[in-house]
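# Coordinates in review
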Amino acid sequence: MQDIIYQVTGWLGSALLIIAYALASSKRLKPQDITYQLINLGGAVFLLIYALYTLAYPFVLVNFIWLIIGLRFIWKIYSDKNKT
């Protein structure tokens, strides 16, 4: 049962990243939009969990960096809103 939960987590993370990419590519969302960043962040978190479970360390590194970038830009979005 635990394996199924991790498999679903990995698929959900993949789906979120694909959705974010598709929305940005079709110009329905901008990379500066909080919604885009949150979708990306969610995808990175789910894929990081899956990568840790499968011990895919290169994938862990990529998704950890993806997560840090997402957090940085979410912080920037909120900081810019508070300045105005």
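Our structure's up above, just so we're on the same page.
These numbers come from a predicted model, not from an experiment. (Residues numbered from 1 in each chain as written. Predicted model: local features only at pLDDT ≥ 70, side-chain atom pairs only at ≥ 80, totals over all residues. Heavy atoms only, no water.)

### Digging into the pattern of salt bridges
Inspection of the entire model under this criterion finds one salt bridge. Asp-80 is the partner of Lys-76 in a salt bridge, and the nearest nitrogen-oxygen pair spans 3.0 Å. Placement of the pair is Lys-76 and Asp-80 together in helix α3 (residues 57-83), with a separation of four residues, close to one helical turn. Here Lys-76 falls in the partly exposed class, since its relative accessible area comes to 37%. (Salt bridge = Lys/Arg side-chain N within 4 Å of Asp/Glu carboxyl O. Helix = DSSP H or I, 4+ residues; strand = E, 2+ residues; numbered from the N terminus. Buried < 20%, exposed > 50% of the residue type's maximum accessible area, 1.4 Å probe, protein only.)

### With respect to α3
The first and last C-alpha atoms of α3 sit 39 Å apart over 27 residues, in line with the 39 Å expected at 1.5 Å per residue. Within α3, the full set of buried residues consists of Val-60, Asn-63, Leu-67, Gly-70, Ile-74 and Ile-77. On its buried face, α3 is in contact with α2 (34-54). (Expected span 1.5 Å × (residues − 1). Contact = heavy atoms within 4.5 Å.)

### Side note on the packing of helix α1 (residues 2-25) against α2
Think of two packed helices as two axes; the pair is described by the angle between the axes and how far apart they sit. Running from amino to carboxyl end, α1 crosses α2 at an angle of 150 degrees, the nearest separation of the two axes being 8 Å. The pairing of α1 with α2 is recorded here as roughly antiparallel in orientation. You can see that α1 and α2 cross each other, and the crossing is left-handed. Here the contact of α1 with α2 is built from residues that sort into 15 nonpolar, eight polar and one charged. (Axes fitted to C-alpha atoms, helices over the stretch in contact; angles between N-to-C directions. Parallel < 35°, antiparallel > 145°, perpendicular 65-115°, else oblique. Left-handed = near helix turned anticlockwise from the far one by under 90°. Nonpolar A, V, L, I, M, F, W, Y, C, P; charged D, E, K, R; others polar.)

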